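Coordinate analysis (summary)
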Amino acid sequence: QAKEMAEERKHYILENIKQILIENNLSLSSAESCTGGGIGNLLTEVPGASKVYKGGIISYCDEVKHNLLNVSQVQEKLLSLSYIREELAAWKKEQ
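My aim in this report is to walk through the structure given alongside it, one point at a time.

Analysis parameters
Residues numbered from 1 in each chain as written. Predicted model: local features only at pLDDT ≥ 70, side-chain atom pairs only at ≥ 80, totals over all residues. Heavy atoms only, no water. Helix = DSSP H or I, 4+ residues; strand = E, 2+ residues; numbered from the N terminus. Expected span 1.5 Å × (residues − 1). Buried < 20%, exposed > 50% of the residue type's maximum accessible area, 1.4 Å probe, protein only. Arc of directions from axis to C-beta. Contact = heavy atoms within 4.5 Å.

Turning our attention to unusual backbone geometry. Positive phi outside glycine occurs at asparagine 25, with the angle close to 55°. The residue asparagine 25 is located in the loop between α1 (2–23) and β1 (28–32) in this model.

Structure representation (structure tokens):
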């Protein structure tokens, strides 16, 4: 029962995202790495998703990130340092 409710909620959220994009004449694309295409997979679960979802790139290796998506090594390093958020939160507490 809980799993069914979670699936219904997920579908409801995805359907709302689709409707907001349609109403605002917007589209969506994705560039994924560690999610391995999971975001694109979720977005395409909703019937009619092709009206708003243009596609995605799964850039798991550095070569694709740098050459296809123009993600610099500095950007990549900053994005990978999730502990920075923890350090900033701790620093803010101390202030």
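After that view, the rundown keeps rolling.
Moving on, we get to α1. A rise of 1.5 Å per residue sets the reference length of α1, with its 22 residues, at 32 Å; its end C-alpha atoms lie 31 Å apart and thus fit the reference within 8%. Listed in full, the buried residues belonging to α1 are Leu14, Lys18 and Leu21. Down the axis, α1 shows its buried residues gathered within 65° of arc, on one side only. α1 presents Ala2, Glu4, Met5, Glu8 and Glu23 as exposed residues on the side facing more than 90 degrees away from its buried surface. Considering only its buried residues, α1 is in contact with β1 and α2 (38–43). Immediately downstream of α1, the backbone of asparagine 25 shows phi near 55°, a positive value.

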